[in-house]
Every structure is written in C-alpha cells, then in structure tokens.
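Structural description and commentary
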Amino acid sequence: MTMTQSAAIHVEEKTGVFHLQGPGMSYVMKVQEGGYLTHLYWGRRLSRYRGSADVRYEDRGFSGNPNKEDRTFSLDTTPLEYPAYGNTDYRDPAFEIEWADGSRVSDFRYKSYTVQKGKPALDGLPASYAGEAEAETLIIELRDELQQVSIFLRYTVFHASDALARSASIVHEGGEPFVIQKASSANVDFRSRAFEYIHLPGAHNRERDMVRTPLGQSRAVVESRRGSSSHQQNPFFALVRPDATETSGEVFAWNLVYSGSFLASAEVDQFDGTRVNVGIQPFGFSWELSPGETFTTPEAVLVYSSEGLGQMSRTFHHLYGEHLVRGSWKHRTRPVLINNWEATYFDFDEKKILEIASRAAEAEIELFVLDDGWFGRRDDDRSSLGDWTVDERKLPDGVQGLAEKVKEAGMDFGIWVEPEMISVDSDLYRAHPDWCLHVPGRRRSESRNQLVLDFANPEVRAHILEQLRTLLAGAPISYVKWDMNRNMTEIGSPVLPAHRQQETAHRYMLGLYDVMEKLTQEFPEVLFESCSGGGGRFDPGMLYYMPQTWTSDNTDAVSRTRIQYGTSLAYPSAAMGAHVSDVPNHQVGRTTPLAARGHVAMEANLGYELDVTKLSDAEMVEIRDQVRRYKEVRHLSQYGTLYRLADPFQTESYATIRVSSDRSEALFVYMHRLAEANAPFVRVKLDGLKPDAVYSVDGLDRAFGGDELMYAGIDIPVIEHDFQSHLWHLKEVKA
C-alpha cells in the first residue's frame, strides 16, 4: 500500500520500498528485515517497482551473519545504501566513526523518513538548489541506538532532470564526543561488474584528459590529497557499460560539489558486485563531534543516462546552469575580455596597460583585466602576496585611476587577485608569520615562492575580506579573477588544538566558502572567475560562488581541444574561460593560425591574452572580425545545448555543435590537427537539430535539411594544412 506518493518520490511503508523517479530514471531502496537499508536499483525509469530486483540470499562461506539463526543473511553480500564498518561487511564503508571507547564498530538501522518539496540548503557548503515546484527531497534517518547518533541521508530528485543530489548529516545526541574518520557523500552498491570507468586525470597545463578503463575485480580510485580538487584529478567519475558511446548506452556518473581533497572509488567484490562511494578524502581527515553537534558532508550529484555520454553531459550542464550557478551572472551574456598576463607578465606600467587597452578597444573587446603584478612590490613571483595595496611605481593614480581611464577608452575593468596565498617577503607575513598553514618546528615548504594562508583562522578571513572589500569598493571593478597557485603542504593550524589538527583542511574549505559567500553577496554585479593555475580547482563547489573558471593556463588551440572536450563531460560551456594567445604558444611552443585559435576559444567565454600593440593591422582586423562574429553567436557558445561530434583523444578531428533551446539555430566548430597528403574526405554528422527543418549554413552559403545534416552528415572542405578550422552558424530557414 502506497502511504506517501508525490510526483517524484514513492514510499510503500508496508514493503519498506522507496522509489525515486526522474523523467527517465528510477532509484529504488528497501528497508530489509532488521532495519537494514538496501539498494535495489538505479537505472532506466520504471513505472512502478514490484519486486523484480529484490535482494537474494545464500549461505556464503566466510561472510559473517548478524543473526546467527540465519546463515544466508550477511551484510558482506548485501547491497547497502550507506554501509558501516565492523558488522560483517568487509567492503569499503561509506563512513567510519571512532567512538569514545576507541572502538569503530557501528550499527545504524532504519528509523524514519520524511518527504518535503524543494531542496533544503546545506549549512556552510555549496550545493544545488531548487524551489518547491522544481524538486522533492527524501530524508531517511538511520540510527545507532547504543551511541544515540543518527545519520540523515538526503536525496533530492529534480522534476526536469535525471539527476539525484545526495548528502549525509551525522547528528550527535549521545553523551561523549566521538571522531568521524570518514564520511562519504554517497554510496551505491551495484549487483554487476559489467562496467568501464571514466575519469579526468591530468597535470598543470594538461587538465582533464578523458581516460576510459575496464573495471577489473579490484578497486579503482580517483582522488586528490592536495587540499584542492586539483589539476591531477577532478571530482568527476563515471561507470559506463562496455557498449556505451557518446550517443547510446548506460552511464552512471558522480560529481562532488566540493573544492578540497576528495576520494571516489569503485570496488568490485567477490560476487561481482560493484560498490562506489564518493566524498571527502579520508586520508588526513578527522572531525570531532560533540553532543548536540552535526557534521554534514558535501553534496554529490549523481546522473543517469540511457543515451550515452552526451546525454549525461547535457544533464549535468542543465542542472548546473539552472540549479547551481547563482546571482546576476547566472544567465547573462559574458563579455569578451583581454588579459595582459602573457602580454607583459610582471613588466608593465600604466602607460603600457593603457596602450593595450586602447588598441583592444579598437577591436571592440569589452573588458580589460589587469593580471598579477599590480600590488606591493610585485616585480616577480617572490614577494607581496597578502599585501593588496597598489604599487604606485607602476600605477601612480592607483587602481581607481587606471580603471577610470580604461573605461574612458570604452572598456570595463577587471583585476586579478590571489587572496588565499602569502609571500614570505610581504608585510603581512612579517606582521603575522603564524597566519599561514604550518606545523610548529617543521619546514614551511614553498611552491611558486608562496605559502597558503590559514582560512581556518577567523582573523585571517576577516583581514582578507576587509582588503578585498576596500579594493572592490574603491574602483569601478566589474570582474575579478580569483587565483590559487599552489597546493597545501604542512597542513596545520595554530587556532586548532592538537587533537583537531586533521580538521584543518576541511575547515579551510569551509572558511574559504564563507569568504566567497560574503564577497559575492556584497558585490553581486561583479563577475567572479575562479582560477587555480588555470584548471586546478575546476569543480562544482567553485561554480556555486563563481560562475566561470579559467579552464587552463595552456592557451594552445590544439591542447585546448582536448582540455575543453574533457571538461565538457561535466561542466557547461558558460563555465569555461578560453583565450586567444600569441604564437609560438608560450606553453608548448606550437604555432597555429589565428583563425584556429579564435574558433576554439569562441566555443566558450572568449578572451585574448597577447600584446595587441605588437600585432599587424591585418591581424587586428581579423581579431575585430572574430569579436564581431562571436558577439553574434555567443548566446550559443555560452548557453547552447552541447553535442560532441568528434573526439580529439581518438582522432585527428575535433568537432562540436551547440544548439539553441528552440533548435532554430546552432554553432558548429571543427578543427583538424595534422594534414596528410592525398587524405580522405571528411564528413561529420551533426546532432540536436530539427529533422524536418531546413538550415542555412553561413560558412558554406548553402541550406540543408536537418535530417540531412544529422543522418547523412556535412562535408568538411578539403584539409589542405595543419590546424585547419571552421566555425559555421546554422539558422533555420522559415518557409
């Protein structure tokens, strides 16, 4: 008998079944006899669950039995929803608690549930959001009666999306403090090992390679231990069926809404089950919870697709665009910018900056961004981080004076900051040497000649907030590039007692989120862009505060096809910053045509990063034409629905199309890396169009049926040289 039923959440109290439904997805759990919450099914939508996937039991050797009268029942062989450690389950637990007596055995059983419309916020953490008409949330309470502790599991189902937002809260109502050693955001137990896994490894300047690997009878791990989500890995993880492609097959994906160290693992057990859990990195983490306190995990977003990786990505993109990004820039057109970093590095003065701004304004670029080197005595990367006061040797009229002159030239003004860092050679460090992360008596290791400020310390946060408020209130600044150019080492905080030192890294993230929340709310018209040596902190946690991220310090067009392709698996185009830079490229030394650099950068938020005062008149005309063209199509570049058409990790070709919501127009981008003599012709099948519509293709001055373009494909002009590229705007031809 259904006791609770809503549009998305169905609860049968008699059978103990919870059935969550999205438009094309079902997620089913059941409370087994004894109060154990089990996972039954996650996959294509079921009209109703009638028991076909109920758990089967068999007496299995060396799998212990909680009830000695029933040798067929063991937690070791049961698909569990949020598994504990120590009670006959030998697999990786979702959480681990050290009680006051030193033991780590827990016994959480189902106690109750509630269903509510909308989605509750997570206190102090970034998370997706939804109104009462957009989503519903199931909250299940698990209870350890001996310790008087509850775990509340939250499941939010979005009515328009096959996504599930999950998190957990541990609530202490007992008598003595205990220590949380691990707390995952989500766990899923599949009764199958027929998967391959996809993740996004990389390095600085080579972020988010797409790697697909068979899942063996072992444990696959994707993780960061660096204090950030990192260049080396990304908190995205997917299991796919072996036959899954871009356009077909089952995909199960996770993305953690968190910017610190994380762990995602997939463990295949002895009976070909696969356990996935995702959350804060437990290595180097613990958290003491006193009576009356609550610990909440970051949110994990789970996405199901029965139509391959492309549909998975579009689900993430829509969810993040509608239910994660906030503020006045949520749907606003992003400006075309020019950044002076690769043009000048630290060697500039006001005269040089204004020369670049004036020349860029002639090309109808809309925003000038002043990068590193404007503050303290910052002539290189060895000093002045933490001293956010203007260097009057370079800018005699200050930031305000420069910003006003840039605006007089016809451009808005933006600025670079790195608020989480401190240089040893700085006034701030000399005044407060204990304000950085450090362990007393140990070396303070530097990276890029800098240390990390202790954002777990409220005094540090207050000081940085005051400096940034003064900067933003004192000049007409419309854009902030927020950088973070090193990972954490010697992670310790003098404001925490000895037994709580392993809380430092997570408290740092909570402190950082607190600063970002206050700043973005106080300056809602400022466009904030996150950066960490490029893409070292490209994660959903940052997108909650800052609607775009500098995708990579590598601005080479060829490298960017792979970087942007991998990034697009989870993150929308409007979240990506992409710049045209000089050649030979400063990162890889490659020379590519200005057209190719422009076409690849025009797929996202277009910018320029080169000394325009050194370009020829012909090059400036080409840049102006790129900017004008981009302004015509940027609603598609930034907010069109993405379909990936050619994979640069597998072929010499790269192709995408972005389609308007009404499918009346689209933007097609193509680049071929290396030309071959007497090469075969290339044809690309488009996607996302109306089959019965006719589209003009401005790059070819011809019109074709949508069905032709998608099913027969479109011919690419003969490849005559390396890095040949095309950008075509398709418009529906009205009868």
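Summary of the structure given here. Every chain begins its residue count from 1, and numbering advances along the sequence as written. Residues qualify for local features only when their pLDDT is at least 70, as the model is predicted, and side-chain atom pairs are given and counted only at 80 or more; totals for whole chains, interfaces and linings, by contrast, use all residues. Side-chain descriptors were evaluated using all non-hydrogen atoms of the structure, hydrogens and water having been removed beforehand.

This part is about unusual backbone geometry. Each neighbour pair has its own omega, and for Val-583 with Pro-584 the value is -5°, a cis peptide bond. Within the element layout of this structure, Pro-584 appears in the loop between β30 (576-581) and α10 (594-601). For Asn-678, which is not glycine, the phi torsion reads 55° and is therefore positive. Of note in the backbone geometry, Phe-723 takes a positive phi value of approximately 60° without being a glycine. Numbered from the N terminus, helices here are DSSP runs of H or I no shorter than four residues, and strands are runs of E no shorter than two. Along the chain, the position of Phe-723 falls in the loop between β38 (714-716) and β39 (724-732).

A few words now on the sheet that holds strand β37 (residues 702-705). Two strands are said to pair when DSSP picks up at least two bridges between them. With respect to topology, 6 strands assemble into an open sheet ordered β32-β33-β34-β39-β36-β37, the strand pairing being antiparallel. At either margin of the open sheet sits one strand with a lone partner, and together these are β32 (641-646) and β37. The average undirected angle you get between the axes of adjacent strands in this sheet is 25°. Where strand β36 (residues 694-697) and β39 come together, 3 bridges link them in antiparallel fashion. Counted as the bridge partner of Ser-696 is Lys-731 from β39. What counts as an axis is a line fitted to C-alpha atoms, over the stretch in contact for a helix, and the angles between N-to-C directions run from 0 to 180 degrees.

This part is about helix α1 (residues 308-323). Here the expected span of a helix is defined as 1.5 Å times the quantity of residues minus one. An ideal rise of 1.5 Å per residue puts 22 Å on 16 residues; α1 measures up with 22 Å between its terminal C-alpha atoms. In terms of burial, α1 is a largely internal element, 12 of the 16 residues being buried. Classification of residues uses two cut-offs on accessible area relative to the type maximum, computed with a 1.4 Å probe and protein chains only: under 20% is buried, over 50% is exposed, and between them is partly exposed. All of the buried residues along α1 are Gly-308, Leu-309, Gly-310, Met-312, Ser-313, Arg-314, Thr-315, Phe-316, His-317, Leu-319, Tyr-320 and His-323.

Let's shift gears to the packing of helix α9 (residues 557-567) against α10. At a closest axis distance of 9 Å, the pairing of α9 and α10 adopts a crossing angle of 20°. It follows that α9 is roughly parallel to α10 by the angle criterion. Taken as a pair, α9 and α10 cross one another with a handedness that is left-handed. Side by side, α9 and α10 meet where Ala-557, Arg-560, Thr-561 and Gln-564 of the first sit next to Ala-596, Arg-597 and Val-600 of the second. As a working rule, the residues Ala, Val, Leu, Ile, Met, Phe, Trp, Tyr, Cys and Pro are called nonpolar, Asp, Glu, Lys and Arg charged, and the rest polar, with Gly in that last group. Each residue belonging to the contact of α9 with α10 can be placed in one class, and the counts come to 3 nonpolar, 2 polar and 2 charged. Any angle between 65 and 115 degrees counts as roughly perpendicular, while under 35 counts as roughly parallel, over 145 as roughly antiparallel, and the rest as oblique. The hand of a helix crossing depends on one turn: near helix anticlockwise from the far one by less than a right angle means left-handed, and clockwise means right-handed. The contact criterion used is simple: two residues touch if any of their non-hydrogen atoms lie within 4.5 Å.

This part is about the side chain of Ser-573. Considering the arrangement of structural elements, one finds Ser-573 in the loop between α9 and β30. For the purposes of these results, a polar contact is taken to be a pair of N or O atoms within 3.5 Å, where, inside protein, one atom must be able to donate a hydrogen and its partner to accept one; residues adjacent in sequence count only when each atom of the pair is a side-chain atom. Separated by 2.9 Å, the side chains of Ser-573 and Arg-658 make a polar contact. In contact with Ser-573, not counting residues within four places along its chain, are Glu-603, Ala-604, Asn-605, Ser-637, Gln-638 and Arg-658.

In this section: the pairing of strand β34 (residues 665-672). Burial analysis of β34 places 8 of its 8 residues in the buried class, which makes it a mostly covered element. Burial along β34 is two-sided: Glu-665, Leu-667, Val-669 and Met-671 and Ala-666, Phe-668, Tyr-670 and His-672, pointing in opposite directions, are all buried. As defined by bridge partners, strand β33 (residues 653-659) adjoins β34 across 7 bridges and the pair is classed as antiparallel. Across the sheet, Ser-653 pairs through a bridge with His-672, a residue of β34. Counted between consecutive antiparallel strands, the loop separating β33 from β34 contains 5 residues, among which Arg-663 sits at a positive phi close to 60°. Two strands pair when backbone bridges link them, and β34 and β39 are joined in this way by 8 bridges, in the antiparallel orientation. Among the inter-strand pairings, Phe-668 is bridged to a residue of β39, identified as Trp-728.

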